[in-house]
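These are the residues of each chain, in order.
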Amino acid sequence: MRNFGYVRAATVPDAQESVGGQPDARFLAGGTTMVDLMKCGVETPSTLVDITRLPGLDGIEVGPDGVRLGSLARMSDVANDPRIGREFPVLSESLWRGASEQLRNMATIGGNLMQRTRCSYFREPASFPACNKRDPGSGCSALEGINRGHAVLGTSPSCIATYPGDFAVALVAFDATVVVQNGGRRAFTADDFFLLPGDTPHIEHPIGPADLILAVEVPVSAALRRSHYLKVRDRESYEFAAASAAVGLEMEDDGTTVRDVRIALGGIATTPWRARAVEAALIGRTLDEATVRAACAQVTEGAVDHGMNSFKIALAPRVAARALLTVGGIV
Ligand SMILES: Cc1cc2nc3c(=O)[nH]c(=O)nc-3n(C[C@H](O)[C@H](O)[C@H](O)COP(=O)(O)OP(=O)(O)OC[C@H]3O[C@@H](n4cnc5c(N)ncnc54)[C@H](O)[C@@H]3O)c2cc1C
Ligand code: SF4
């Protein structure tokens, strides 16, 4: 067993000082990722700085222009909020489809964004020393290993780990912003918050260990109001996505022509994956099954498989199409 320190922060500056002032100190929110990673030896913090009592960070605010979710709001509280469920289905559905009831009751929005990959080589340092994400320059055990769950988009020769979360897929589709306290207050688009692995897969976000996520903001749009999250997985609950899609639709007054459409994919890429080419192919077109399926065929353009995960290249366009046809009322 490794010893580590524990402190409970009372204010945001306290929390940041406690993490910034000690090498390898880390924030602790719900602990559902952090404690897991400590048990398997991936995270070895010197001190855990408990942020769960920081005041004012657990709000769920719904205004005319946007939704603001405090970083300490629990996944289950946001998923169960009737305003979120009724008015912005994709936000509620993407949280509901993640993890399990017990985990969602503990896990926070900020922690959810910062969760790490489920690549089993990453999570077993004792058996698999080669992992560039965990230990830069050590290699990648997944390239020639069991890679059924790994990514087909956004990969690099250094890392093919899939981004595992659900909620961030919705955030990327709907142009959300992640508000971070790092000296000053800084806002990142959700798209910019998740970095491609390139040759630095250990750097996953554009923030440092002492930077604290304060909130997530999602602008209200007609597409957000008519939205849906579809998650396809090996079993119906308590499982990560094989492929998922967060979609939203706004139609012209004629009811048949697409004015705005949003599509992002999960489970198939190294980051939550916005399918902008598919969106462009659908805007201004009549929404029918043939058009949707033809556009969604582009979802995996440029995809590279590593053998066992080739099924994702066939699956992802179908998931995207099914989600869009559902929200469009066609299936
Ligand atoms: C068995 C299992 C199944 C799961 N299935 C799914 C799933 O299907 N879909 C899905 O989306 N997720 C899934 N998850 C992941 C789960 O959603 C995350 O573990 C959870 O959201 C993390 O939140 P937390 O508050 O517990 O974070 P913690 O574990 O406390 O922290 C996680 C990381 O975030 C950092 N952190 C926390 N809060 C902040 C903040 N405000 N600012 C900066 N850094 C912060 C911590 O330092 C740590 O590095 C699963 C987890 C488990 C264990
Ligand atoms: S895919 Fe990435 S996380 Fe998995 S072993 Fe390779 S480098 Fe590590």
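None of the values given here were measured: they were computed from a predicted structure.

## Some remarks on the sheet that holds strand 12 (residues 273-274)
Then step 1. Taken in spatial order, the 4 strands of this open sheet run 9-10-11-12, and their pairing is antiparallel. In the strand order of this sheet, the two ends are held by strand 9 (227-232) and strand 12, each with one partner.
Then step 2. Both strand 11 (residues 258-266) and strand 12 contribute to a ladder of 2 bridges, which runs antiparallel. Bridging from a neighbouring strand, Ala264 pairs with Arg274 of strand 12.
Then step 3. Seen against the sheet, helix 5 (residues 89-96) touches strand 9 and strand 10 (243-251) and runs at an angle of roughly 20° to strand 9.
Then step 4. Along the sheet, helix 13 (residues 311-327) contacts strand 9, strand 10 and strand 11; its crossing angle with strand 10, the most-contacted strand, is approximately 35°.

## Concerning the site of ligand 2
Then step 1. Taken together, 14 residues surround ligand 2, and among them Cys119, Tyr121, Cys131, Cys140 and Cys159 come closest.
Then step 2. Looking at side-chain class alone, the shell around ligand 2 contains 10 nonpolar, 3 polar and 1 charged residues.

## Looking at the sheet that holds strand 3 (residues 47-50)
Strand pairing in a sheet relies on backbone hydrogen bonds, with the paired strands running either antiparallel or parallel.
Then step 1. Pairing is parallel in the open sheet, where 3 strands are placed in the order 1-3-2. Each edge of the open sheet is held by one strand with a lone partner, namely strand 1 (5-8) and strand 2 (25-28). Pairwise comparison of adjacent strand axes, ignoring direction, gives a mean angle of 25° for this sheet.
Then step 2. Note: strand 2 against strand 3, 4 bridges, orientation parallel.

## So, the site of ligand 1
Then step 1. Not every one of the 29 residues close to ligand 1 is listed here, only the nearest: Gly30, Gly98, Gly110, Gly111 and Met114.
Then step 2. Breaking the shell around ligand 1 down by element, the ones donating at least two residues are strand 2, helix 2 (34-39), helix 6 (101-106), helix 7 (109-113) and strand 8 (212-219).
Then step 3. Residues of the shell around ligand 1, tallied by class, amount to 14 nonpolar, 12 polar and 3 charged.

Reading guide: rules and limits
- Residues numbered from 1 in each chain as written.
- Chains lettered and ligands numbered in written order.
- Predicted model: local features only at pLDDT ≥ 70, side-chain atom pairs only at ≥ 80, totals over all residues.
- Pairing = 2+ DSSP bridges.
- Helix = DSSP H or I, 4+ residues; strand = E, 2+ residues; numbered from the N terminus.
- Contact = placed C-beta atoms within 7 Å.
- Axes fitted to C-alpha atoms, helices over the stretch in contact; angles between N-to-C directions.
- Near = placed C-beta within 6 Å.
- Nonpolar A, V, L, I, M, F, W, Y, C, P; charged D, E, K, R; others polar.

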